[in-house]
Amino acid sequence: METNGKDDRLKAPLLPPSDSVSITVYPTSPGKMMKTRTTMFRIGNVKCSSCVTSIESALGKVTGIESVTVSALHGQAVIKYVPELINLKAIREAIEDLGFLVFEFPEDIAVVRLRIKGMSCTSCTNSIEGALRMVEGVKTAVVGLSLEEAKIHFDPTLTDSEELIQAIEDAGFEAELMSNVNDGNKVHLKLEGISSDEDFTIIRSTLESVRGVNQVEMDKESNKVIIVYDSDFTGPRSLIKCIQEAEKPTNSYHASLYVPPSGREAERQHEILGYRNLFLWSFLFSAPVFIFSMVLPMFPPYGDWLHHMVYNMLTVGMLLRWILCTPVQLIIGSRFYVGSYYALKRGSANMDVLVALGTSAAYFYSLYVLIKASTSESFEGMDFFETSAMLITFILLGKYLEVLAKGKTSDALAKLTKLAPDTALLLTLDGDENIISEDEISTSLIQKHDVIKIVPGAKVPIDGVVTKGQSHVNESMLTGEARPVAKKPGDKVIGGTVNENGCVLVKVTHVGSETALSQIVQLVEVAQLAKAPVQKLADQISRVFVPVVVVAAILTFLAWFIPGQASMYPKDWIPKAMNSFELALQFGISVLVVACPCALGLATPTAVMVATGKGASQGVLIKGGSALEKAHKVKTVVFDKTGTLTVGKPVVVSMKVFSPMPIQEFCDIAEAVEANSEHPIAKAVVQHAKKLRQMNSSNQGHIAEVQDFEVHPGYGVSGKVSKKVVLVGNKRLMVARKVPISSEVEDYMSESEQLARTCVLVAINGMVCGGFAVTDPVKPEAERVISFLKSMNITSIMVTGDNWATANAVAKEVGITMVIAETDPLGKADKIKDLQLKGMAVAMVGDGINDSPALAAADVGMAIGAGTDVAIEAADIVLMKSNLEDVVTAIDLSRKTLARIRLNYVWALGYNVLGMPIAAGVLFPFTGIRLPPWVAGAAMAASSISVVCSSLLLQSYKKPLHIERARGLVDYSESV
């Protein structure tokens, strides 16, 4: 699997060199390696080479622009610039000042992630998103309630992260910067030997002069430095050495690795501790209030002292309840007032508003009763101090349990982040690759091109390539595949996996944020932040939920108070020591506090978080809630053939030459052209030619040079070898190039296709000189997967660019009845769209560049993990271990998750629909059942906990289809 390593060459424009002139402007300070970017856009009114020269000359003089390439033929410009010195807006203005029009100009977009504290429900996330979108320059803003994070795309020329944080704080929430997504690798170092500001200046200038250092942040208070660097040019050990070698008049500097505490985990523990302490303090004051008001009065001998008069009608019990309740209401419960203030300030309402209204109504009415009792000799009234105190206590208990449960929803992701070991064995080699020394170092100090030793039983610390030794590596923690994978020199290993039975030396290829493990974690984090479409229901309800509840509470109060005053219901309905006003007030408060918008807001994100984390641990990477939701609707799965239904490593099983040309010369010419292609069939031809050369003991080791090489997607390739025009591909390529096909060739093709073999023809100078019969073994699990999908009422279709005979033979072998063959990449996408027009929800499973249009066109694109970066980029779901059974896993997991989300909504909505009428007293006239406010508050807290616990049940998910594989499977890559 190659998760990282995107090839920027795929994005580079192919501008004709004859019409282009490139001017390179060297940076002013060559000592510092500044980060550069490349942008491409169209320029209008470019009519001749003089226009090109004027644009390039003018831009070449602008500070920050490193190179300019303009094509008069295509009207395109490619500019390489330093973002620290100039932005895209200034580049555009410079071109427009010359009198040229600019089209298709790319936006300069930066991405930042912020951690947000203080959110309680969906209303909070909507408010923050609204506040961020009002900031000039913000393109998109997504806030995740469960993750407590925001991901923001913005124009750095118009705003920055500090302004975004300020906008969130103005909305009443706390925010702090987590990371800039565009940042490279970071290292945190602790400095020693610092005695003055001059030392910081020396270290900063020394670091900034190092090639590959992009940013240096100094923390003078704690003597720490954060360095953002490009791992292709430098690394942590080199930076530490650079600091220690910095010139200092007296003593030398020392630097050591500093590992900052995990921000998210530290925040979560801080939040859990905060809610726990608030609850304990609240319980400490509320428990006596509850005992004094609800327990002791039931035992007359023990509770009589509470009725002793202190002054006028003020009793001991009332005074004690007020003293104990006031800290709970005004100090511990102040967070609800603060939250309500900011919510109302931004024109919205959340759970804090409901709690503040309910508890304030109970507390301040009770305070009125207390004051009236102390100033009157005849007033009789009942206080509700216990309602206010117990309500706040139960809500804080609910929040504490909810935060504990929410922490467990990200357990799968936390386990992924802890897979990499803390230390590694670094080898120092001499010029002859002999080991000089072996040192144990922190994994964070590993640099690219280091050679590390991995002993049996040890974890692989980083991504790399085996250079010496053989072993089996257990990759189950990343791919879910229990069978250990054989590793030999040249094979890739992934950080976090476990070496089983052999000692291997590995050369490091990826470090830090570039490793497969880091990118998997980033992908899952992004997926958990993305909102599922089903979340829109909760968002729409949350906008009107609180106002509707407040209105319902007022109507409930009036519905009980007015008839009570008018004696429209029996007096015996009113409990002793209460009047109609107090009874109506209790019903109104119960309605306020029983309604819970939090449960609605947690229904979707908690389930998505658990599902994406569980999927990642099973080898299925789901890119967000949208992909998860769409996958459950899939009724048709379209499979690519090569590399998807088949192993993807074709082998040549026969060859035939139709001309007098020697076999070796024929193979060498075919190999020369196919060596430039990444297609699996091309690799099979190259491998066959090499094997034939070895069998003939030929000493020719080099491949002939190819000129004018060209790829014809869905057809083949072409090029010139020693002035011979060579075509290598299928029959359609020969027909398109008007190459005659003899009956002998037709017979050979027909024989091959009937045996489920692909025929590759080689034409030299307009004549078919020979052909290769290539077969690609079908994956052993393919037939069972197709059968299982059928049992799930899902139709399977195969689409391929291969010929009909081969396609039908493979389809028959795996059990697929509907086949689409001899189609190009765009044709695959068109077939997907045709199926969608028939009302089908279509999933596409593919692995190559030629599958990317179809993956993008499908409702759900699933990329095989061993496929190309382009295919993985275009897909919604990545199957990391390339096993087809995970197609079933992805669809089944999405169905289970959506079922769980619906159940969560049933819990949340059903609870509110049933709870509010009971709290309003609908059952009271018939059954005498009444929901006291403090019980209503406990029920509200329980609803959020029940939703989170419901989502956590997804942690027990198991694959519906698991195919055991023997360790001794055939390695097709070694076949000829």
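Residues numbered from 1 in each chain as written. Predicted model: local features only at pLDDT ≥ 70, side-chain atom pairs only at ≥ 80, totals over all residues. Heavy atoms only, no water.

Participant: How do you make sense of the overall build of the chain when you look at a structure like this?
Facilitator: Looking only at helices and strands, one finds 32 helices and 37 strands in the chain. Burial statistics for the chain: of 976 residues in total, 52% are counted as buried. Partitioning the contacts of the chain with sequence separation of at least 6, the portion at a separation of at least 24 is 71%. (Helix = DSSP H or I, 4+ residues; strand = E, 2+ residues; numbered from the N terminus. Buried < 20%, exposed > 50% of the residue type's maximum accessible area, 1.4 Å probe, protein only. Contact = heavy atoms within 4.5 Å.)

Participant: Would you explain unusual backbone geometry in this entry?
Facilitator: Generally, phi is negative for residues other than glycine and the peptide bonds are trans, each holding for most cases. Look at asparagine 312: it is not a glycine, yet its phi comes out positive at around 50 degrees. Judged by its relative accessible area of 26%, asparagine 312 falls in the partly exposed class. In this model, glutamate 822 sits at a positive phi of 55 degrees, which is unusual for a non-glycine residue. Structurally, glutamate 822 is set in the loop between β34 (818–820) and α27 (825–837). Judged by its relative accessible area of 36%, glutamate 822 is partly exposed.

Participant: What should I look at first to understand the pairing of strand β35 (residues 842–846) in this one?
Facilitator: Remember that side chains alternate between the two faces of the sheet whenever the strand is regular. With five of five residues buried, β35 is to be regarded as a mostly interior element. Of the two faces of β35, both are covered, the one formed by Val842, Met844 and Gly846 as well as the one formed by Ala843 and Val845. Sheet topology places strand β26 (residues 636–640) next to β35; four bridges connect them, and they run parallel. Counterpart to valine 637 in the pairing with β35 is alanine 843. Bridge analysis of β35 against strand β36 (residues 860–864) gives four bridges, and the strand direction is parallel. Counterpart to alanine 843 in the pairing with β36 is valine 860. (Pairing = 2+ DSSP bridges.)

Participant: Looking at this model, I keep getting lost on the sheet that holds strand β20 (residues 471–474). Mind explaining?
Facilitator: In sheet architecture, strand pairing relies on hydrogen bonds along the backbone and comes in two forms, parallel and antiparallel. With antiparallel pairing, the three strands of this open sheet are ordered in space as β21-β20-β23. Of all strands in the sheet, those bounded by a partner on one side alone are β21 (485–487) and β23 (498–499). Bridge count between β20 and β23: two bridges; the pairing is antiparallel. Its bridge partner being in β23, valine 473 is matched across the sheet by asparagine 499.

Participant: I keep staring at the nonpolar core and nothing clicks. Help me out?
Facilitator: Note on soluble globular proteins: their nonpolar side chains tend to be buried together. The biggest cluster of nonpolar side chains holds 137 residues, and the ones touching the most others in it are Ile152, Val637 and Phe639. Aside from chain neighbours lying at most four places away, what touches valine 637 is Leu789, Ile794, Thr795, Ser796, Ile797, Ala843, Val845, Val887 and Ile891. Within the second largest apolar cluster, 38 residues are counted, among which are Val216, Ile240, Val460 and Val473. (Core = buried A, V, L, I, M, F, W, Y, C linked by side-chain atoms within 4.5 Å.)

Participant: What exactly am I supposed to notice about the sheet that holds strand β18 (residues 451–454) here?
Facilitator: Taken in spatial order, the six strands line up as β17-β16-β18-β24-β19-β22 in an open sheet, and their pairing is antiparallel. Strands with a single pairing partner mark the edges of an open sheet, and in this sheet they are β17 (435–442) and β22 (492–493). Of the pairings in the sheet, the one linking strand β16 (residues 423–429) to β18 comprises three bridges and is antiparallel in character. Bridging from a neighbouring strand, leucine 425 pairs with lysine 453 of β18.

Participant: Would you mind showing me how to read the environment of phenylalanine 639 here?
Facilitator: You can see phenylalanine 639 is positioned in strand β26. For phenylalanine 639, a relative accessible area of 0% translates into the label buried. The spatial distance from the C-alpha of phenylalanine 639 to the C-alpha of serine 796 is 7.3 Å, given a sequence separation of 157 residues. When near neighbours in sequence (up to four residues on either side) are disregarded, phenylalanine 639 contacts Thr644, Leu645, Ile786, Leu789, Ser796, Ile797, Met798, Val799, Ile816, Val845, Leu884 and Val887.

Participant: Help me understand a nonpolar patch on the surface, please; the structure alone is not making it clear to me.
Facilitator: Taken together, Val551, Ile554, Leu555, Leu558 and Ile562 make up a surface patch of nonpolar side chains, about 440 Å² in accessible area. Tracing the sequence through the fold places leucine 555 in helix α16 (residues 535–565). (Patch = residues over 30% accessible without salt bridge, like charges linked within 9 Å, V, L, I, M, F, W, Y side chains within 5 Å. Areas by Shrake-Rupley, 256 points an atom, 1.4 Å probe, with all protein chains shown as cover. Salt bridge = Lys/Arg side-chain N within 4 Å of Asp/Glu carboxyl O.)

Participant: Just to check I follow, could you spell out the packing of aromatic side chains for this structure?
Facilitator: Here a ring pair, both rings aromatic, is described through the centre-centre distance and the interplanar angle of the planes. Applying the stated criterion across every chain yields a total of 20 aromatic pairs. Seen in terms of ring centroids, tyrosine 569 and tryptophan 573 are 5.4 Å apart; in terms of plane orientation they differ by 15 degrees. Their pairing is stacked. Overall, tryptophan 573 belongs to the partly exposed group, its relative accessible area being 26%. Taken together, the aromatic side chains of Tyr365, Tyr368, Phe557, Phe561 and Phe581 make up a single cluster linked through ring pairs. The cationic tip of arginine 335 hangs over the ring face of phenylalanine 336; the distance from NZ or CZ to the ring centre is 5.3 Å. The ring centre of tyrosine 715 lies 5.0 Å from the NZ or CZ of arginine 732, which sits over that ring. (Phe/Tyr/Trp six-rings, centres within 6.5 Å; stacked < 30°, edge-to-face > 60°. Lys NZ or Arg CZ within 6 Å of the ring centre and 35° of its normal.)

Participant: Would you mind showing me how to read the packing of helix α9 (residues 316–332) against helix α11 (residues 351–375) here?
Facilitator: Helix-helix packing is characterised by the crossing angle of the two axes and by the distance between the axes. The contact between α9 and α11 brings their axes to 11 Å, and the two run at 150 degrees. α11 is crossed by α9, and the crossing has left-handed handedness. Taken together, the residues of α11 that come into contact with α9 (itself represented by Met318, Trp322, Cys325, Thr326, Gln329 and Leu330) are Thr359, Ser360, Tyr363, Leu367, Val369, Leu370 and Ala373. In terms of residue class, the contact of α9 with α11 is made up of nine nonpolar, four polar and no charged. (Axes fitted to C-alpha atoms, helices over the stretch in contact; angles between N-to-C directions. Left-handed = near helix turned anticlockwise from the far one by under 90°. Nonpolar A, V, L, I, M, F, W, Y, C, P; charged D, E, K, R; others polar.)

Participant: What is the right way to look at the packing of helix α10 (residues 334–345) against α11 in this model?
Facilitator: Between α10 and α11, whose axes approach to 8 Å, the crossing angle comes to 125 degrees. Between α10 and α11, the angle is such that the two are oblique. When you trace α10 past α11, the crossing you get is left-handed. For the pair α10 and α11, the contacting residues are Arg335, Phe336, Tyr337, Gly339, Ser340, Ala343 and Leu344 in the first and Met351, Asp352, Val353, Val355, Ala356, Ser360 and Phe364 in the second. Partitioned by chemical class, the residues of the contact of α10 with α11 number nine nonpolar, three polar and two charged. (Parallel < 35°, antiparallel > 145°, perpendicular 65-115°, else oblique.)

Participant: Help me out: how do you make sense of helix α25 (residues 782–791) in this one?
Facilitator: Structurally, the α-helix is built with 3.6 residues per turn, so residues lying three or four positions apart point the same way. Residues Ala782, Val785, Ile786 and Leu789 constitute the buried set of α25. Looking down the long axis of α25, one finds its buried residues gathered within 100 degrees of arc, a one-sided arrangement. Opposite the buried face of α25, by more than 90 degrees, sit the exposed residues Glu783, Lys790 and Ser791. Within two residues after α25, asparagine 793 carries a phi angle of roughly 65 degrees, on the positive side. (Arc of directions from axis to C-beta.)

Participant: Is there a simple way to explain the confidence of the model for the chain in this structure?
Facilitator: As a note on interpretation, predicted positions should not be read in detail where pLDDT is low. Residue-level pLDDT values for the chain average 79, and 85% of them are 70 or greater. By mean pLDDT, the top-scoring element of the chain is strand β30 (residues 724–729) (92), and the lowest-scoring one is strand β1 (residues 20–24) (33). (pLDDT = per-residue confidence, 0-100.)

Participant: I tried to follow the pattern of salt bridges on my own but got confused; where do I start?
Facilitator: It is possible for side chains of opposite charge to pair when their charged atoms get near one another. Counted under the stated rule, the structure contains 17 salt bridges. A salt bridge links glutamate 176 to arginine 115; its shortest N-O distance comes to 3.3 Å. A residue pair is termed long-range when its members are at least 10 positions apart, and glutamate 176 in strand β9 (residues 174–180) and arginine 115 in strand β6 (residues 110–117) qualify at 61 residues. For arginine 115, a relative accessible area of 10% gives the class buried. The closest approach of N and O atoms between aspartate 491 and lysine 488, which form a salt bridge, is 3.6 Å. The class for aspartate 491 is buried, based on a relative accessible area of 19%. Judged by its relative accessible area of 30%, lysine 488 falls in the partly exposed class. Look at the salt bridges and you will find they share partners, linking Asp668, Glu671 and Arg693 into a network.

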